[in-house]
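Coordinates in review
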Amino acid sequence: MFIIKTERVKIKSYIIIMPQPGNYLIWIDIAHAVPQVGFFASMGLGAILLFLNFAGAQKMFGSYKYIISTFTLLGMMFATMEIIVYPNVHNYKAGFIFFTFAEPFGVKNLFWRKVFLASYTFFYSATVALLSVQFIYRYWAVFNVDKLRFFTGFYWLIWIVYCTIFGLQYALGACLFLGLDPVSTEYFREEMINRYETNISTLPAMSLVAYDPADGSTRWWNLGGIANICYIVNVQYGIMIYCGWSMHSRMEEKIKNFSEILKKHHNQFFKTLVLQITAPTLILFIPISFINFVPVFNLDISLPSGALLCCFTLYPAMDSLIVMSVVSEYRKTAEKIYLAFKNFANEVSGLRATSSVGATSTSRPITASRPE
């Protein structure tokens, strides 16, 4: 049985935790528990997926097998980063604050804790970018096979650079546009004391305040942070929607002359992509859009939005489950492994039984017959 130690213990080191009306500390526990579930699920299902890949489940997939394996590994890294950083978000009126109580690896220095917080945004963006790369591959596999050369050999570096650029754009953009300044610090100071009983100055955090509380003027620099995030998310989501819709509307006509095996593979991967649009829409895109756009409307709200953010880590596990459930090659490979293991176990049991019988036979006392 595993005992999981959360960062709540570290919160107690500088927060006097007492139940108060409107206190949101319970949401910190939730925002820590859900990523732990996601972490173990992502590691377990991801390991099974990679093992099945290694055992031959991808022998018919061409270079697509590298995308599936890479995405699985990146998802496992993203889930790991989640439980290292334990990020939280709080929406308050015309702003939100992105923060963490965690001290990764015992690091107490505020600057380095901010680096860890920014690293989490890098992995989020890189994961979403690699998800869109899967859609590009499947689209080209049906409509422009010649372009699949960009997924072989040194061309693979294109996609590594692609994901890295978007990851850095998100992380550096968040640091640049959403850094705490005197206005945002004072804007959230009392709210953080009331809701989380902590001093904002002691936390690694990024924040957005859409309108200056003094005169109501628009804080365009902060809104640039929203524009940056929206650009990244919309580019990836747009690619997914375009490729998915094109395959939905034109694939049947395109693959009608393919062999039955290829038709089956393309149809299975199309079903996978449909689920891979639906799942991230609900888990990755809608939550981040809600968190970013609510401040623009300057509503009189106070929401522990970390409850939405902590669900991100569930997606890698869900993606592995989708692939293994829809693509028949994984089920066939799992059945082969099961039968091989069963036969091996039977052989071992048979050998032990034979050995036991032999040992029993040789241990019997030999009775000499008495001569007449």
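Here the structure is a predicted model, which is why all the values come from computation and not from measurement.

1. Structural notes on the pairing of strand S2 (residues 95–100)
The element S2 is largely enclosed, with a buried count of 6 among its 6 residues. Here S2 shows a buried face lined by Gly95, Ile97 and Phe99 and a second buried face lined by Phe96, Phe98 and Thr100. The turn linking strand S1 (residues 87–92) back onto S2 is made up of 2 residues, and Lys93 within it adopts a positive phi angle of 50 degrees. In this structure, S2 lies alongside strand S3 (residues 205–209), joined through 5 bridges in antiparallel fashion. Within S3, the residue paired with Phe99 across the bridge is Ala205.

2. Some points on the sheet that holds S3
An order of S3-S2-S1-S4 is seen for the 4 strands of this open sheet, with the pairing classed as antiparallel. Both outer strands of the open sheet, S3 and strand S4 (302–303), are each paired with one neighbouring strand and no more.

3. Some words on empty space enclosed by the protein
Going through the model one piece at a time under the given rule, you end up with 2 cavities of 30 Å³ or more. Forming the boundary of the largest cavity are 16 residues, of which Phe98, Thr121, Tyr170, Ile229 and Ile288 lie nearest the centre. Mapped by element, the contributors of at least two residues to the lining of the largest cavity are S2, helix H4 (110–143), helix H5 (156–177) and helix H8 (260–293). Residues belonging to the lining of the largest cavity are distributed by class as follows: 14 nonpolar, 2 polar and no charged. Estimates place the volume of the second largest cavity at around 40 Å³. Taken together, Trp27, Ile28, Asn88, Val89, Phe99, Tyr196, Pro304, Gly306 and Ala307 make up the full set of residues lining the second largest cavity. For the lining of the second largest cavity, the residue count by class is 7 nonpolar, 2 polar and no charged.

4. Some details on the pattern of salt bridges
One pass over the structure, following the stated rule, counts 4 salt bridges. Put simply, Glu186 and Arg189 hold a salt bridge, and the shortest N to O gap is 3.1 Å. With Glu186 and Arg189 both in helix H6 (residues 182–196) and 3 residues apart, this pair spans about one turn of that helix. Relative accessible area serves as the criterion here: at 24%, Arg189 is assigned to the partly exposed category. For Arg195, the salt bridge is made with Glu191, and the minimal N-O distance between the two is 3.2 Å. Here the residue Arg195 and the residue Glu191 both occupy positions in helix H6, the gap between them amounting to 4 residues, near one helical turn.

5. Overview of the side chain of Arg138
The residue Arg138 is located in helix H4 in this model. The class of Arg138 is buried, set by a relative accessible area of 5%. For Arg138, the contacting residues outside a window of four places in its chain are Tyr64, Met247, His266, Phe269 and Leu273.

6. Considerations on the packing of aromatic side chains
Taken as a whole, this structure holds 31 aromatic pairs when the rule is applied. The interplanar angle of 50 degrees and the centroid separation of 5.9 Å between the aromatic rings of Phe105 and Phe116 together place this pair among those described as tilted. Here Phe105, found in the loop between S2 and H4, pairs with Phe116, found in helix H4; they are 11 residues apart in sequence, far enough to count as distant. Taking 4.9 Å as the distance between ring centres and 45 degrees as the angle between the ring planes, the aromatic pair formed by Tyr139 and Phe143 counts as tilted. Of this pair, Tyr139 and Phe143 are both found in helix H4, 4 residues apart, which corresponds to roughly one turn of the helix. Owing to a relative accessible area of 12%, Tyr139 belongs among the buried residues under this scheme. Accessibility expressed as a relative area gives 15% for Phe143, which makes it buried. By the ring-pair criterion, three or more aromatic residues cluster together here, those being Tyr66, Tyr137, Trp140, Phe150, Phe151, Tyr155, Trp156, Trp159, Tyr162 and Phe166.

7. Some words on the UniProt feature "transmembrane region" (unreviewed entry) in the protein
Within the UniProt annotation, "transmembrane region" (unreviewed entry) is assigned to residues 33–54, 66–86, 122–141, 153–180, 220–245, 273–294 and 306–327. Across residues 66–86, the secondary structure splits into 95% helix and 0% strand, with the terminal C-alpha atoms separated by 30 Å. Between the C-alpha atoms that bound residues 153–180 the distance is 44 Å, and the span itself is 79% helix and 0% strand.

8. Topic: the nonpolar core
In terms of nonpolar packing, the biggest core is built from 94 residues, with Tyr124 and Phe151 touching the most fellow members. For this core, the element with the most residues is H4, which contributes 20 residues. The residues contacting Tyr124, other than those within four sequence positions of it, are Phe78, Tyr170, Val233, Leu284, Ile288 and Phe312.

The rules we used
Residues numbered from 1 in each chain as written. Predicted model: local features only at pLDDT ≥ 70, side-chain atom pairs only at ≥ 80, totals over all residues. Heavy atoms only, no water. Buried < 20%, exposed > 50% of the residue type's maximum accessible area, 1.4 Å probe, protein only. Helix = DSSP H or I, 4+ residues; strand = E, 2+ residues; numbered from the N terminus. Pairing = 2+ DSSP bridges. 1 Å grid on protein atoms, 1.4 Å probe; cavity = no way out; pocket = protein on both sides within 12 Å on 5 of 7 lines; lining within 4 Å. Points joined across faces, edges and corners; volume = space filled by probe spheres on them. Nonpolar A, V, L, I, M, F, W, Y, C, P; charged D, E, K, R; others polar. Salt bridge = Lys/Arg side-chain N within 4 Å of Asp/Glu carboxyl O. Contact = heavy atoms within 4.5 Å. Phe/Tyr/Trp six-rings, centres within 6.5 Å; stacked < 30°, edge-to-face > 60°. UniProt positions renumbered as here; feature names shortened; annotations may be inferred. Core = buried A, V, L, I, M, F, W, Y, C linked by side-chain atoms within 4.5 Å.

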